[in-house]
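Structural overview
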Amino acid sequence: MVKLIIMALVASAVGGAAFAQRLGFSYSDFKDYCNILLSISGMVFTIMGIWIAFVYPNAIKRLQDPDKIKIADFTATMQDTRRLESIVGSIMESGSVALCITLIYLCKLLVSGIPAYIEYREVAKAASLGVIIFLTLVQCSAIFSVIYANYLFIGDLHTRREVQERKSDVR
């Protein structure tokens, strides 16, 4: 939650600075950038969805019947729990970014002809820039969650490999 507040404050400061400096940008630049954010969001959403499809069913089975399934032991270490939290968090963040971009496009479509929008276009542009900065920070957080989940996975692989090597050396 603190992370989101900091992101919102940074985005508000950038939006305010953009308004104060009369920073100009075209709608096509804004739209291109939104499309890039939307593409990244879709990639993160897809990749992490595959992770959950692979990991989560094993976790549920492990919690329901601890004697039969030992693939994803979320009770033995916090590492698997942190990985799953990271995966789910990245999906939630990327989904939120995609939803917000969709709503931004809808708002642009609905309000672009309204006289008040035309009169306060510079304010709307600065606010839009602030929102896009916020969404960029949220998407960066989702990407770092993907990296973190994969880092934990690689660490887990190395640990399991070392355990297997020790077991085979003992035999």
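Above this text you will find the structure in question.
Residues numbered from 1 in each chain as written. Predicted model: local features only at pLDDT ≥ 70, side-chain atom pairs only at ≥ 80, totals over all residues. Heavy atoms only, no water.

1. Quick word on the overall build of the protein
Counting its secondary structure elements, the protein contains 5 helices and 0 strands. Looking at the protein as a whole, 28% of its 171 residues qualify as buried. Within the protein, counting contacts between residues at least 6 apart in sequence, those at least 24 apart form 83% of the total. As presented, the protein carries roughly 11000 Å² of accessible surface, and 69% of it is formed by carbon and sulfur atoms. (Helix = DSSP H or I, 4+ residues; strand = E, 2+ residues; numbered from the N terminus. Buried < 20%, exposed > 50% of the residue type's maximum accessible area, 1.4 Å probe, protein only. Contact = heavy atoms within 4.5 Å. Areas by Shrake-Rupley, 256 points an atom, 1.4 Å probe, with all protein chains shown as cover.)

2. A word on the layout of surface pockets
Roughly 360 Å³ of internal volume is contained in the largest pocket. Along its surface, the largest pocket is lined by 14 residues, and Phe30, Lys108, Tyr117, Ala124 and Ser128 are the ones closest to its centre. Only helix 2 (27–64), helix 3 (78–111) and helix 5 (121–170) provide two or more residues apiece to the lining of the largest pocket. Looking at which element gives the most residues to the lining of the largest pocket, the answer is helix 5, with 5 residues. Class assignment for the residues of the lining of the largest pocket results in 9 nonpolar, 2 polar and 3 charged. (1 Å grid on protein atoms, 1.4 Å probe; cavity = no way out; pocket = protein on both sides within 12 Å on 5 of 7 lines; lining within 4 Å. Points joined across faces, edges and corners; volume = space filled by probe spheres on them. Nonpolar A, V, L, I, M, F, W, Y, C, P; charged D, E, K, R; others polar.)

3. Section: the packing of aromatic side chains
Scanning the entire structure with this criterion turns up 1 aromatic pair. Seen from the ring of Phe19, Arg22 lies directly overhead, with NZ or CZ sitting 4.7 Å from the centre. Positioned over the ring face of Tyr27 is Lys108, at 4.7 Å from the centre of the ring. (Phe/Tyr/Trp six-rings, centres within 6.5 Å; stacked < 30°, edge-to-face > 60°. Lys NZ or Arg CZ within 6 Å of the ring centre and 35° of its normal.)

4. Thoughts on helix 1 (residues 2–20)
When the terminal C-alpha atoms of helix 1 are compared, their 27 Å separation across 19 residues agrees well with the 27 Å that a helix rising 1.5 Å per residue should span. Within helix 1, the full set of buried residues consists of Met7, Ala11, Gly15 and Ala18. In a view along the axis of helix 1, the buried residues occupy a sector of 70 degrees, so they form one face of it. For helix 1, the exposed residues set more than 90 degrees away from the buried face come down to Val2, Leu9, Ser12 and Ala20. On its buried side, helix 1 packs onto helix 5. Positive phi shows up at Arg22, right after helix 1, with a value of about 55 degrees. (Expected span 1.5 Å × (residues − 1). Arc of directions from axis to C-beta.)

5. Comments concerning the nonpolar core
One finds Met7, Phe30, Cys34, Leu37, Val97, Ile101, Ile104, Ile132, Leu135 and Val138 forming the largest nonpolar core, which totals 10 residues. If we ignore the near neighbours within four places in the chain, the residues touching Ile104 are Phe30, Val131, Ile132 and Leu135. Formed by 9 residues, the second largest nonpolar core is a distinct cluster that contains Trp51, Ala142, Val146 and Ala149. (Core = buried A, V, L, I, M, F, W, Y, C linked by side-chain atoms within 4.5 Å.)

6. Digging into the pattern of salt bridges
On inspection of all chains with the given rule, the structure shows 2 salt bridges. Note that Glu93 and Lys3 form a salt bridge whose closest N and O atoms lie 3.5 Å from each other. Of this pair, Glu93 sits in helix 3 while Lys3 sits in helix 1, placing them 90 residues apart in sequence. Of the charged contacts, one joins Arg161 and Glu165 as a salt bridge, the two residues approaching to 3.8 Å between their closest N and O atoms. Remark: Glu165 and Arg161 occur in helix 5; sequence separation between them is 4 residues, near one turn of the helix. The class for Glu165 is partly exposed, based on a relative accessible area of 40%. (Salt bridge = Lys/Arg side-chain N within 4 Å of Asp/Glu carboxyl O.)

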